[in-house]
Amino acid sequence: MKLKKLFFSCLVCIFIFVFAFADNLQMDSSVSKTTVALNETFQLTVSFTTDSKSLPDFTIPQLNDFNIYSTSQSKNISIINGKVKNTVYYVYTLSPKKMGEFYIPPFTLNYQGERYETKEIKITVEKAKTVSSVPASQTSAGNASSSTNGNLVQNNKQPVYNLDTTKAVFVQATTDKKTAYVNEKIIYTFYFYTSVNILSNPAYRGPDFSGFFIGETSQKNYRTYIKGREYVVTEVSTELFPQKPGTLTIDKAMLQVSIEDFSKMHDDFFASFFRSARAVDLATDEIKIKVLQTPADVDMIGKYNISAFVDKKQKKVDEPFDLIIKITGNGNIKTIKEPEIMLSENLKKYETSEQIIKDGEKETGKQFTTLIMPLEQGEGTIKILPMKYFDLETKITKSLPQKQIQVQIDENKDRKIQQPVAEQTIEADSTKQNQLPQNMDLSFLFKIYAIVTSAMFWKIVGLLVLLYLIIKLLLRYRAYLNKDQQKLKNKKAYRKSKKYFQKAKKAKNTKDFYENMYKGLLEYFASVLGQSAEGLTSYKIGMGLKDKNIDDNLITEVDGILEECTMFLYAKQSDNLTKQDYNKFYNKTFDILKKMP
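The rules behind each value
Residues numbered from 1 in each chain as written. Predicted model: local features only at pLDDT ≥ 70, side-chain atom pairs only at ≥ 80, totals over all residues. Heavy atoms only, no water. Helix = DSSP H or I, 4+ residues; strand = E, 2+ residues; numbered from the N terminus. Contact = heavy atoms within 4.5 Å. Areas by Shrake-Rupley, 256 points an atom, 1.4 Å probe, with all protein chains shown as cover. Patch = residues over 30% accessible without salt bridge, like charges linked within 9 Å, V, L, I, M, F, W, Y side chains within 5 Å. Salt bridge = Lys/Arg side-chain N within 4 Å of Asp/Glu carboxyl O. Buried < 20%, exposed > 50% of the residue type's maximum accessible area, 1.4 Å probe, protein only. Axes fitted to C-alpha atoms, helices over the stretch in contact; angles between N-to-C directions. Left-handed = near helix turned anticlockwise from the far one by under 90°. Lys, Arg positive; Asp, Glu negative; His and termini not counted. Charge placed at Lys NZ, Arg CZ, Asp CG, Glu CD. Expected span 1.5 Å × (residues − 1). Polar contact = N/O pair within 3.5 Å; in protein donor to acceptor, adjacent residues only side chain to side chain. Pairing = 2+ DSSP bridges. Nonpolar A, V, L, I, M, F, W, Y, C, P; charged D, E, K, R; others polar. Core = buried A, V, L, I, M, F, W, Y, C linked by side-chain atoms within 4.5 Å.

Peer 1: An account of the overall build of the chain is needed here, citing residue identities and associated values.
Peer 2: Helix and strand counts for the chain come out as ten helices and 30 strands. Counted over contacts in the chain with a minimum sequence separation of 6, partners at least 24 positions apart contribute 71%. A total accessible area of about 34,800 Å² is found for the chain, and carbon and sulfur atoms account for 51% of it.

Right under this line is the structure:
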């Protein structure tokens, strides 16, 4: 029982340590909607938030019931009062393969020895939206371009099931520009038009967009009219950023869909009861993009503004503050780089984090947060150097203006290092030698503070404490083994005989006591000699111990306790013994067994 208590105490210590010093990681998943039509898409977002500066990677589980159209990733790193809060978002655009109820399985992650898991999400897939199921408020008339599959025949007065189904669906791909600069944003849009019911989720294979960096993807559904015919339109837009000059080609987008086919049924009455499926293969045209080279010394593309400020009005020595720089505007936000910063000698720059600024779903800029450490009191200067960018409107290289911020650093009385007071007999020169120079770099104190307050420091301390506890428990266990009967040299022999010795201690009469003591001794010496306890006698035990070179005096003592057991076991009258007599024989027996090598 004592060993079990020690073991469970060790487990409890480990359990408390893991939960007390583990990083604060939060993992979550959500969807934009839980009920979707067969021809719709939805967004699945998986997010992680942790106090650590490193973010975990994970593998997406099998989503066998859904197509993955696109993926995107964004990060948000913030430092508030020296504490890091790191968040990463993974966004997947999914489309169901068939109708019914399906589940997005949990996302799992093993991080620093812990397993994290998101909740399971139920998705209900309804039949594909038809012309009548799309709200009229989303209708636009006469604004679609001609089909890549040919002109449609106007037939707006006939029922849907009498239309020519070979021209009832088509696809189209466009870009918002045919000429762009390197890293300039291009919007590629894929359209799927249908005027009949579709019987399965379309199998879409998009271009590989070779030579482009792929940004975010958005999708919407609406109604439109083309030559009097009403269509449901699925529109998927993708941000593209060309990476090299020259002529780039966007490949064909392919789509296969199964639609209702009533072309063989000419009777309106029967057509309303019977329907068949028709597989249609559709493809867009290739699109050529002419990409122009930007000036060699410019990476940022667009038109931008810059602003900068610090987060604290009162600044003291050795108390860090944040410098926040925001660059906003129109263009390729991902090309915005961290501005170059120059500081006065009484300021020191530490790490910088960045995050995307959004207005709804639109990216409008980047924010850079830099940790600044005041080293000594006085006036400090922060200079944010000019940054070049290529203005797409004027086609001219421009610069963001230089920003300069003045900060006043006060003495930190709470962290003031007391100087020794010179005695009156000491001369002024020696007093100056005993004082600390005012311009001493005390940033090492901040480093020590950062280390002591970090999660890694306390993990190491916790591991040392845990190691100390384990060693202490092992030493206690070793001491326990060396107490009383556990001091027996042959532990295997004692384990076999233990149950009989325990019964002997609980015996209420002389016969039961000596009978169990005798059986225990036989089991013990049987294990020592490597023989069976059956048929073992005191003579055989003595001879066996002699063969093992056991001292003759010890053999005589063993023979004595065996003979005493036999005498009382077969005695006719032996109930006049007391509990004290039992304990005396029990202790004498174990004193002899402890001498066994």
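Peer 1: Would you mind going over a nonpolar patch on the surface in detail, with residue names and values included?
Peer 2: Taken together, Ile448, Val452 and Trp458 make up a surface patch of nonpolar side chains, about 270 Å² in accessible area. For Ile448, the location among the structural elements is in helix α4 (residues 443-452). Exposure remark for Ile448: the relative accessible area of 46% places this residue in the partly exposed category.

Peer 1: Please give an account of the packing of helix α7 (residues 510-529) against helix α8 (residues 538-547) that cites residues and values.
Peer 2: Look at α7 against α8: their axes get within 10 Å of each other, and the N-to-C directions meet at 35 degrees. Relative to α8, α7 is oriented so that their crossing is left-handed. Across from Leu522, Phe525 and Leu529 in α7, the residues of α8 making contact are Lys540, Ile541, Gly544 and Leu545.

Peer 1: Describe a negative patch on the surface, with residues and values.
Peer 2: On the surface, Asp208, Asp251, Asp285 and Glu286 cluster together into a patch of negative charge. Mapped onto the elements, Asp208 comes out in the loop between β14 (203-205) and β15 (212-226). With a relative accessible area of 53%, Asp208 lands in the exposed category.

Peer 1: Account for helix α9 (residues 552-570), naming residues and giving values.
Peer 2: In a regular helix each residue adds 1.5 Å, so 19 residues correspond to 27 Å; α9 covers 27 Å between its end C-alpha atoms and thus fits that length. Looking at the buried side of α9, the elements it contacts are α7, α8 and α10 (579-593). Two to three positions downstream of the cap, the backbone nitrogen of Asn553 sits 3.0 Å from a side-chain oxygen, assigning the N-cap of α9 to Asp551.

Peer 1: For the sheet that holds strand β20 (residues 287-292), give the residues involved together with the corresponding values.
Peer 2: What the three strands build is an open sheet, ordered β12-β20-β17; its pairing is mixed. The two strands at the open ends of the sheet, each matched to only one other strand, are β12 (179-181) and β17 (246-250). In this sheet, adjacent strand axes meet at a mean angle of 35 degrees when their direction is disregarded. Examined bridge by bridge, β17 and β20 share five bridges and lie antiparallel to one another. The residue of β20 that forms the bridge with Leu248 is Ile289.

Peer 1: If you had to explain the pattern of salt bridges to someone new, which residues and values would you point to?
Peer 2: Scanning the model with the defined rule gives 13 salt bridges in all. Ionic pairing is found between Glu239 and Lys185, a salt bridge with its closest N-O pair at 3.9 Å. Linking Glu239 in strand β16 (residues 229-242) with Lys185 in the loop between β12 and β13 (186-194), this pair joins segments that are 54 residues apart in sequence.

Peer 1: Can you tell me about the sheet that holds strand β9 (residues 121-126), naming the residues and giving the values?
Peer 2: Here three strands make up an open sheet; going across it, the order is β2-β9-β6 and the pairing mixed. Edge positions in the sheet fall to β2 (35-37) and β6 (100-104), since each of these pairs with one other strand and no more. Each neighbouring strand pair of the sheet contributes to a mean axis angle of 30 degrees, computed without reference to strand direction.

Peer 1: Break down the side chain of Ser237 for me, citing the residues and quoting the values.
Peer 2: Note that Ser237 resides in strand β16. The class of Ser237 is buried, set by a relative accessible area of 14%. In terms of polar contacts, Ser237 uses its side chain to reach the side chain of Thr189, at 3.3 Å. Non-local contacts of Ser237, meaning those with residues more than four positions away in its chain, are made with Ile187, Tyr188, Thr189, Glu216, Thr217 and Ser218.

Peer 1: Can you break down the packing of α7 against α9 residue by residue, with the values?
Peer 2: Packing of α7 against α9 leaves a shortest axis separation of 9 Å and a crossing angle of 145 degrees. α9 is crossed by α7, and the crossing has left-handed handedness. Contacts between α7 and α9 involve Thr510, Lys511, Tyr514, Glu515, Met517, Tyr518, Leu521 and Phe525 on the former and, on the latter, Val558, Ile561, Leu562, Glu564, Cys565, Thr566, Phe568 and Leu569. Of the residues in the contact of α7 with α9, the class split is eleven nonpolar, two polar and three charged.

Peer 1: Could you give me a rundown of the pairing of β9, with the residues and numbers involved?
Peer 2: On any regular strand, side chains alternate: one points to one face of the sheet, the next to the other face. Of the two faces of β9, the one lined by Ile121, Ile123 and Val125 is fully buried and the one lined by Lys122, Thr124 and Glu126 carries no buried residue. With three bridges joining them, β2 and β9 adopt parallel strand pairing. Bridge assignment links Thr35 to a residue of β9, and that residue is Thr124. Of the pairings in the sheet, the one linking β6 to β9 comprises five bridges and is antiparallel in character. Across the sheet, the residue bridging to Tyr103 is Lys122, located in β9.

Peer 1: Before we move on, can you summarise unusual backbone geometry with the specific residues and values?
Peer 2: You will see that Asn183, though not glycine, has its phi angle at about 75 degrees, which is positive. Its location among the elements puts Asn183 in the loop between β12 and β13. We classify Asn183 as buried; its relative accessible area is 19%. Look at Lys395: it is not a glycine, yet its phi comes out positive at around 60 degrees. Locating Lys395 in the fold gives a position in the loop between β28 (387-391) and β29 (396-400).

Peer 1: For the side chain of Arg229, give the residues involved together with the corresponding values.
Peer 2: Summarising the element assignment, Arg229 is placed in strand β16. A residue is classified by how much of its surface remains accessible, and Arg229, at 6% relative accessible area, is buried.

Peer 1: I'd love a proper account of the pairing of β29, names of residues and values included.
Peer 2: Judged from the five bridges that link them, β28 and β29 form a sheet pairing that is antiparallel. Across the sheet, Lys388 pairs through a bridge with Ser399, a residue of β29. Counted between consecutive antiparallel strands, the loop separating β28 from β29 contains four residues, among which Lys395 sits at a positive phi close to 60 degrees.

Peer 1: Explain the environment of Thr118 residue by residue, including any values.
Peer 2: The residue Thr118 is located in the loop between β8 (114-117) and β9 in this model. We classify Thr118 as buried; its relative accessible area is 5%. Considered as a pair, Thr118 and Pro105 are 13 residues apart in the sequence and their alpha carbons are 8.5 Å apart. If sequence neighbours within four positions are ignored, Thr118 has contacts with Met27, Asp28, Ser29, Pro106 and Phe107. From its side chain, Thr118 meets the backbone nitrogen of Phe107 in a polar contact 2.8 Å long.

Peer 1: Report on the nonpolar core, specifying residues and quantitative values.
Peer 2: With 33 residues, the main nonpolar core has Phe513, Met517, Leu521, Phe525, Ile541 and Leu545 as its most contacted residues. The leading source of residues in this core is α7, at eleven residues. Not counting residues up to four positions away in its chain, the partners in contact with Leu521 are Phe501, Ile561, Leu562, Cys565, Thr589 and Leu593. With 26 residues, the next largest nonpolar core counts Ile186, Tyr188, Phe192 and Ile198 among its residues.

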